[in-house]
Amino acid sequence: MYEIWLVMNIVWEIALGIWPLLALAAVAWLVLVALAWRRPAAHWRSALPMAAGVAVVAVVVGFLGVPTTIRSSLQELAYWVDWANLASIALGIGAAALAFAWPAGVLWRRQGGAH
């Protein structure tokens, strides 16, 4: 349990350090969702498979890329908490990708992309 609290504290401290970037991303997401929502006949359901595909790719890239980004490797993950943290980070990257790709897919399909 200590390891989980430690990770949560580390994530919180990192978020405090980059809060302007996080706030900018939140505003950009809200604008993207508002634009997609205001489109007449927006097809949210048809945009979901493409967005889910983007999210899956983001999870895989995150899972394989995060250790390299922090100058580590998958070989150094010896403890289950390390694997759980890496999986959580990768899933968070995938969730963020889904959050942006879904309304972007709605806009893209509506503006003349694939139907």
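Structure: above.
In this text the structure is predicted, and so the values were computed from the model without any measurement.

So, how was this worked out
- Residues numbered from 1 in each chain as written.
- Predicted model: local features only at pLDDT ≥ 70, side-chain atom pairs only at ≥ 80, totals over all residues.
- Heavy atoms only, no water.
- Helix = DSSP H or I, 4+ residues; strand = E, 2+ residues; numbered from the N terminus.
- Rg over C-alpha atoms; globule rule 2.2 N^0.38 Å.
- Buried < 20%, exposed > 50% of the residue type's maximum accessible area, 1.4 Å probe, protein only.
- Core = buried A, V, L, I, M, F, W, Y, C linked by side-chain atoms within 4.5 Å.
- Contact = heavy atoms within 4.5 Å.
- 1 Å grid on protein atoms, 1.4 Å probe; cavity = no way out; pocket = protein on both sides within 12 Å on 5 of 7 lines; lining within 4 Å.
- Points joined across faces, edges and corners; volume = space filled by probe spheres on them.
- Nonpolar A, V, L, I, M, F, W, Y, C, P; charged D, E, K, R; others polar.
- Expected span 1.5 Å × (residues − 1).
- Arc of directions from axis to C-beta.
- Phe/Tyr/Trp six-rings, centres within 6.5 Å; stacked < 30°, edge-to-face > 60°.

1. So, the overall build of the chain
Along the backbone of the chain there are four helices and zero strands. For the chain, the sequential pattern of α-helices and β-strands runs α-α-α-α. Compactness check: the chain gives a C-alpha radius of gyration of 17 Å against a globular reference of 13 Å for 115 residues, more than 25% above the reference. Its C-alpha atoms put the chain at 50 × 30 × 25 Å along the principal axes. Buried positions account for 20% of the 115 residues belonging to the chain.

2. Some points on the nonpolar core
In this structure, Leu32, Ala36, Ala47, Val106 and Leu107 together form the largest nonpolar core, which totals five residues. Every element with two or more residues in this core is listed here: helix 2 (19–38) and helix 4 (80–110). Discounting chain neighbours no more than four positions away, the residues touching alanine 47 are Trp102, Gly105, Val106 and Arg109.

3. Focus: the layout of surface pockets
The volume enclosed by the largest pocket comes to roughly 820 Å³. Taken together, 28 residues line the largest pocket, and the ones lying closest to its centre are Val11, Val66, Asn85, Ser88 and Ile89. Going through the elements one at a time, helix 1 (2–17), helix 3 (44–69) and helix 4 are the ones with two or more residues in the lining of the largest pocket. The greatest single-element share of the lining of the largest pocket, amounting to 11 residues, is contributed by helix 4. Along the lines of polarity and charge, the residues of the lining of the largest pocket split into 20 nonpolar, five polar and three charged.

4. Re helix 2
Residues that lie three or four places apart on an α-helix share one face, since the helix turns once every 3.6 residues. Taking 1.5 Å as the rise per residue, helix 2 with 20 residues should run 28 Å; its terminal C-alpha atoms sit 28 Å apart, in good agreement. Of the residues making up helix 2, those classed as buried are Leu32, Val33 and Ala36. Seen along its axis, helix 2 keeps its buried residues to an arc of 95 degrees; they face one direction. In helix 2, those exposed residues whose orientation departs by more than 90 degrees from the buried face are Trp19, Leu24, Leu30 and Arg38.

5. Concerning the packing of aromatic side chains
For the structure shown, the criterion picks out four aromatic pairs. Aromatic side chains tryptophan 37 and tryptophan 44 sit 5.4 Å apart centroid to centroid with 55 degrees between the ring planes, which places their arrangement in the tilted category. Taking the relative accessible area as the measure of exposure, tryptophan 37 reaches 63% and is therefore exposed. Take tryptophan 44: its relative accessible area is 22%, and that puts it in the partly exposed class.

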